[in-house]
Amino acid sequence: MRADRLVATLLLMQSRGRVTAAEVAAELEVSVATARRDLEALSAAGIPVYPQPGRRGGWSLVGGARTDLSGLTATEARALFLLVGPAAAVAPDAKAALRKLVRALPQTFRADAEAAAGAVVIDPVRWGGQGRERPTTVELLQRAVVARRKVRFAYRSRSRDRTERVVDPWGLVDKDDVWYLVAGTERGRRTFRVDRIDEAVLTGEEAGRPDDFELAEAWDEVVTEVERRRSPVSAVVLIEHRFVHVLERQFGRHCEVLGEERGGRVRVLLAAHLPLSIAERIAGWGATIEVVDSPAVEAELARIGAELVARYGQVDT
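These remarks concern the structure in this document. (Residues numbered from 1 in each chain as written. Predicted model: local features only at pLDDT ≥ 70, side-chain atom pairs only at ≥ 80, totals over all residues. Heavy atoms only, no water.)

1. Points about the layout of surface pockets
Cut-off, in case you're wondering: Only protein atoms enter the calculation, which uses a 1 Å grid: trapped sets of points that fit a 1.4 Å probe without letting it out are cavities, open sets showing protein on both sides within 12 Å along at least five of seven lines are pockets, and any residue with an atom within 4 Å of a point is a lining residue. Grid points are joined across faces, edges and corners, and a volume is the space filled by probe spheres set on the points. The helix and strand labels rest on DSSP assignments: H or I over at least four residues marks a helix, E over at least two residues marks a strand, and numbering proceeds from the N terminus.
Counted as a void, the largest pocket has a volume near 1,100 Å³. Arg158, Tyr180, Thr191, Arg193 and Val226 are the residues nearest the centre of the largest pocket, which is lined by 30 residues in total. Those elements giving two or more residues to the lining of the largest pocket turn out to be strand 5 (162-175), strand 6 (178-185), strand 7 (188-193) and helix 8 (215-230). Tallying contributions element by element places helix 8 first for the lining of the largest pocket, with eight residues.

If you want it as C-alpha cells, here you go:
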C-alpha cells in the first residue's frame, strides 16, 4: 500500500540522513521510478524533503527533520522488540512494522533493538509433535474485533450439529496452538473454537462490547470454568514430599497440595474427568503413592493391577 511505503521511505531517510531513489527502491523492493515518485509525493505533501543534484546527491530531510518514538527508554525499546520479534518471522506485516519501528528509534537504541528482534524464536510444537496451521478465518476475525463489526458464520458443535450465528467479536485467544473467539451473543458471552467456524462473513453492523470488558480477565474465567467441568472427579493421595513437584507437572492445575502428614508424606488432591484417568496416571507410581479416600479410583487401580498380573504375572522360562 502506498501509504505504508511513504512512511517507510520517510523513516529510511531519517535513519540514513540522505538517500537516493535507487537505495529506496532496493530497500522497499519497488522500482526506481516508483521510489522517485514516492519521494516527490512526500515533498509535494509538505514534508521537508528536498533533492540534491550531483554525484553525491540524493534526497534529504531539511534541517534533519525526523519522526521518532519519543518517550521510549532503551529498556522499553528492547522489551518491545523482544516481544514483537518472533512474530516478524512468520508475519510479513509484522516484519514491515518492525523495520519501520527500528528506523523511528533514536540512533543509540537501534543496535540493541535489532539484536532483540532476532534474539527469540518461538516454537509452539512439542517434541515429536506436528504443528497446526492457523485457521484462515483468524485474520477475518481479527479485522472484525479491531473494526468492531458483527460477524456471521456457520458453527459446528462437538456433535457436528451446524447452526448459523451472528455475534459481536470481542477478542481472540491462541491457546496451545488452538484459536478461540470470545464473543457476545443474544445469550451472553460465548466462546467458539475457530477451527469449527465456517463461511465467516464480516457484516456492516457495528458490534457492541461492554465498556469494562477485559479479554485477559474474560479468558481466565473461561479457562477456570472449562477446567472445572473437565475435572469433576477427585482423589486424595499421600506421597513423599520429594515427589510432589513431579506430580504437579503431571496433573498441572489439577494438583493441589493440602498439607503435610506424619512421616514426611504430603496429602495431595488430584482431579480429572474420570476415575480411570487418575488411576492411569498414577498406576506407574506403584507403592510410592497411596490413594486414601476414593473407592472409585482404588477400584480402577485394582483392575489395572489385576490385568497386568494376569498377563505378566507368570513368565515362561
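Additional details are given in the paragraphs that follow.
2. A few points about the sheet that holds strand 3 (residues 58-61)
We count it as follows: By this definition, two strands are paired if DSSP reports at least two bridges between them.
With antiparallel pairing, the three strands of this open sheet are ordered in space as 1-3-2. This sheet does not close on itself; its edge strands, each paired only once, are strand 1 (18-19) and strand 2 (49-52). By the bridge criterion, four bridges tie strand 2 to strand 3 in an arrangement that is antiparallel. Among the inter-strand pairings, proline 51 is bridged to a residue of strand 3, identified as tryptophan 59.

3. Regarding the side chain of histidine 254
So the rule is basically this: Exposure classes here rest on a 1.4 Å probe applied to the protein chains alone. A residue is buried below 20% of its type maximum, exposed above 50%, and partly exposed in between. Throughout, a contact is declared for two residues whenever any of their heavy atoms are within 4.5 Å.
When you line up the elements, histidine 254 lands in the loop between helix 9 (244-251) and strand 10 (255-260). Note on histidine 254: relative accessible area 16%, which makes it buried. Once residues lying within four places of it in the same chain are set aside, the contact partners of histidine 254 are Glu227, Ser231, Leu269, Leu270 and Ala271.

4. Some thoughts on the pairing of strand 10
Pairing of strand 10 with strand 11 (residues 265-272), which is carried by five bridges, proceeds in the antiparallel orientation. By the bridge assignment for strand 11, cysteine 255 is matched with leucine 270. What sits between the antiparallel neighbours strand 10 and strand 11 is a turn of four residues, in which glycine 263 has the positive phi angle 85°.

5. Thoughts on the packing of helix 2 (residues 21-28) against helix 3 (residues 32-44)
To keep things clear, this is the line we draw: Orientation is described by axes fitted as lines to C-alpha atoms, over the contacting stretch for helices, and by angles from 0 to 180 degrees between their N-to-C directions. Here the angle decides the label: under 35 degrees means roughly parallel, over 145 means roughly antiparallel, 65 to 115 means roughly perpendicular, and every other value means oblique. Following the grouping adopted for this structure description, the nonpolar residues are Ala, Val, Leu, Ile, Met, Phe, Trp, Tyr, Cys and Pro, the charged ones are Asp, Glu, Lys and Arg, and the polar ones are all others, Gly among them.
Put simply, helix 2 and helix 3 touch, their axes get as near as 8 Å, and they point 110° apart. By the angle between their axes, helix 2 is roughly perpendicular relative to helix 3. Residue-level inspection shows Ala21, Ala22, Val24 and Ala25 of helix 2 in contact with helix 3, the latter providing Val32, Ala35, Arg36 and Leu39. Across the contact of helix 2 with helix 3, the residue classes break down as seven nonpolar, no polar and one charged.

6. Description of unusual backbone geometry
Positive phi, close to 55°, is recorded for arginine 148, a residue that is not glycine. Structurally, arginine 148 can be placed in the loop between helix 7 (137-147) and strand 4 (149-156). A positive phi is found at aspartate 177, a non-glycine position, where the angle reads about 70°. When you line up the elements, aspartate 177 lands in the loop between strand 5 and strand 6.

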